[in-house]
Amino acid sequence: NAGVTQTPKFQVLKTGQSMTLQCAQDMNHNSMYWYRQDPGMGLRLIYYSASEGTTDKGEVPNGYNVSRLNKREFSLRLESAAPSQTSVYFCASSGRYEQYFGPGTRLTVT
Amino acid sequence: KQEVTQIPAALSVPEGENLVLNCSFTDSAIYNLQWFRQDPGKGLTSLLLIQSSQREQTSGRLNASLDKSSGRSTLYIAASQPGDSATYLCAARPWAGGFKTIFGAGTRLFVKA
């Protein structure tokens, strides 16, 4: 079992560029999440998907879009990257109880 | 609005010491509370999860307790080791909007050999 996988691990973008962060889980979980982690701010929820076919905004959704492609995959898209989106992005999934996290994507926007 | 606070923000202890990490939350209507460990530059690893109906959970040298009435959870680490050095985060999952888990900022633990 790979658990939760994320690609890429590192990315540098210029302001205004777009990119998609990929996430996949092999635990047959219904729910998936995208968080960002910033120093002094902790982990903040960007978007979540309670089940296949549904997505909802979290605490900090502005500037992001998501797609729940199927039960396994949940992607996060930055349409026009801004320096304020420099962060570490984590994908997570959960069944009924525990959340499991991926290794993260470290994104720098210059 | 749920808020989760972890005190202290950082802690340094000698090897072998027993220690307690604190987590407080403002809304007692939680579904569960989960403790995580995060090593520098890595993702979060789940340590213990306590359901709303439970008072504590144990795994090896770790024991987590939950007191909803006081809005507190503690993570007890027995006989600490240098390998325990990491950041420990607690996360409260609410009943209402049950997917919007709120995380504390974490306690950075350093265990000195």
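Quantities reported herein were computed from a predicted structural model and do not represent experimental measurements.

### Things to note about the overall build of chain A
For step 1, the next point in the chain: Counting its secondary structure elements, chain A contains 0 helices and 11 strands.
For step 2, the next point in the chain: For chain A, the succession of helices and strands along the chain, N to C, is β-β-β-β-β-β-β-β-β-β-β.
For step 3, the next point in the chain: Expected size for 110 residues packed as a compact globule is a radius of gyration near 13 Å; at 13 Å, chain A falls within 12% of this value.
For step 4, the next point in the chain: Along the first, second and third principal axes, the C-alpha atoms of chain A reach 40 × 25 × 25 Å.

### Remarks on the pattern of salt bridges
Residues and elements named next belong to chain A.
For step 1, the next point in the chain: Evaluation of the coordinates by the stated rule reveals 5 salt bridges over all chains.
For step 2, the next point in the chain: Of the charged contacts in the structure, one is a salt bridge between arginine 36 and aspartate 38, with a shortest N-O distance of 2.9 Å.
For step 3, the next point in the chain: The class for arginine 36 is buried, based on a relative accessible area of 8%.
For step 4, the next point in the chain: Residues arginine 44 and aspartate 38 are paired through a salt bridge, measuring 2.9 Å at the closest nitrogen-oxygen approach. Across the pair, aspartate 38 and arginine 44 agree in class, each one buried.

### Some remarks on the state of the cysteines
All names here are of chain B.
For step 1, the next point in the chain: All chains considered together, the criterion is met by 2 disulfides over all chains.
For step 2, the next point in the chain: Each sulfur in the disulfide pair cysteine 23 and cysteine 90 lies 2.0 Å from the other. Taking the torsion about the sulfur-sulfur bond, which here is approximately 80°, the covalent link between cysteine 23 and cysteine 90 counts as right-handed. With cysteine 23 in strand E3 (residues 19–25) and cysteine 90 in strand E9 (residues 86–94), this residue pair connects regions lying 67 residues apart in the sequence.

### Considerations on the interface of chain A and chain B
For step 1, the next point in the chain: At the interface, 20 residues of chain A touch 18 residues of chain B.
For step 2, the next point in the chain: There are 0 salt bridges connecting chain A and chain B.
For step 3, the next point in the chain: Our enumeration of links across chain A and chain B arrives at 7 residue pairs in polar contact (both at pLDDT 80 or more).
For step 4, the next point in the chain: Among the elements that line the side of chain A that touches chain B, the one with the most residues is strand E4 (residues 31–38) of chain A, at 4 residues.

### Quick word on the side chain of B:Gln38
All names here are of chain B.
For step 1, the next point in the chain: Turning to its location among the elements, glutamine 38 is positioned in strand E4 (residues 30–38).
For step 2, the next point in the chain: Residue glutamine 38 is classed as buried on the basis of its relative accessible area of 10%.
For step 3, the next point in the chain: From its side chain, glutamine 38 meets the backbone oxygen of lysine 42 in a polar contact 2.9 Å long.

### So, the sheet that holds strand E7 (residues 64–68) of chain A
Residue and element names in this part refer to chain A.
For step 1, the next point in the chain: Ordered by their spatial adjacency, 4 strands build an open sheet running E1-E3-E8-E7, and the pairing between neighbours is antiparallel. For this open sheet the edge positions go to strand E1 (4–7) and E7, each flanked by a neighbour on one side alone. The average angle at which neighbouring strand axes cross in this sheet is 20°, direction not considered.
For step 2, the next point in the chain: In this structure, E1 lies alongside strand E3 (residues 19–25), joined through 4 bridges in antiparallel fashion. Each residue of the ladder has a partner; that of threonine 7, found in E3, is glutamine 22.

### Let's talk about the packing of aromatic side chains
For step 1, the next point in the chain: As enumerated under the stated definition, the model contains 9 aromatic pairs over all chains in all.
For step 2, the next point in the chain: When the ring of A:Tyr97 is compared with that of B:Tyr31, the centres are 6.3 Å apart and the planes differ by 15°; the resulting orientation is stacked. Placement of A:Tyr97 in the loop between strand E9 (87–94) and strand E10 (99–101) and of B:Tyr31 in strand E4 is noted, with the two residues assigned to different chains.
For step 3, the next point in the chain: Given a relative accessible area of 34%, A:Tyr97 falls into the partly exposed group.
For step 4, the next point in the chain: Here the aromatic rings of A:Phe101 and B:Phe103 are separated by 5.9 Å at their centres, their planes lie at 85°, and the arrangement is edge-to-face. Of the two residues, A:Phe101 is situated in strand E10 and B:Phe103 in strand E10 (residues 102–103); the pairing between them involves two chains. Note on accessibility: A:Phe101 and B:Phe103 belong to one class, buried.

Scoring rules and cut-offs
- Residues numbered from 1 in each chain as written.
- Chains lettered and ligands numbered in written order.
- Predicted model: local features only at pLDDT ≥ 70, side-chain atom pairs only at ≥ 80, totals over all residues.
- Heavy atoms only, no water.
- Helix = DSSP H or I, 4+ residues; strand = E, 2+ residues; numbered from the N terminus.
- Rg over C-alpha atoms; globule rule 2.2 N^0.38 Å.
- Salt bridge = Lys/Arg side-chain N within 4 Å of Asp/Glu carboxyl O.
- Buried < 20%, exposed > 50% of the residue type's maximum accessible area, 1.4 Å probe, protein only.
- Disulfide = S-S within 2.5 Å.
- Contact = heavy atoms within 4.5 Å.
- Polar contact = N/O pair within 3.5 Å; in protein donor to acceptor, adjacent residues only side chain to side chain.
- Pairing = 2+ DSSP bridges.
- Axes fitted to C-alpha atoms, helices over the stretch in contact; angles between N-to-C directions.
- Phe/Tyr/Trp six-rings, centres within 6.5 Å; stacked < 30°, edge-to-face > 60°.

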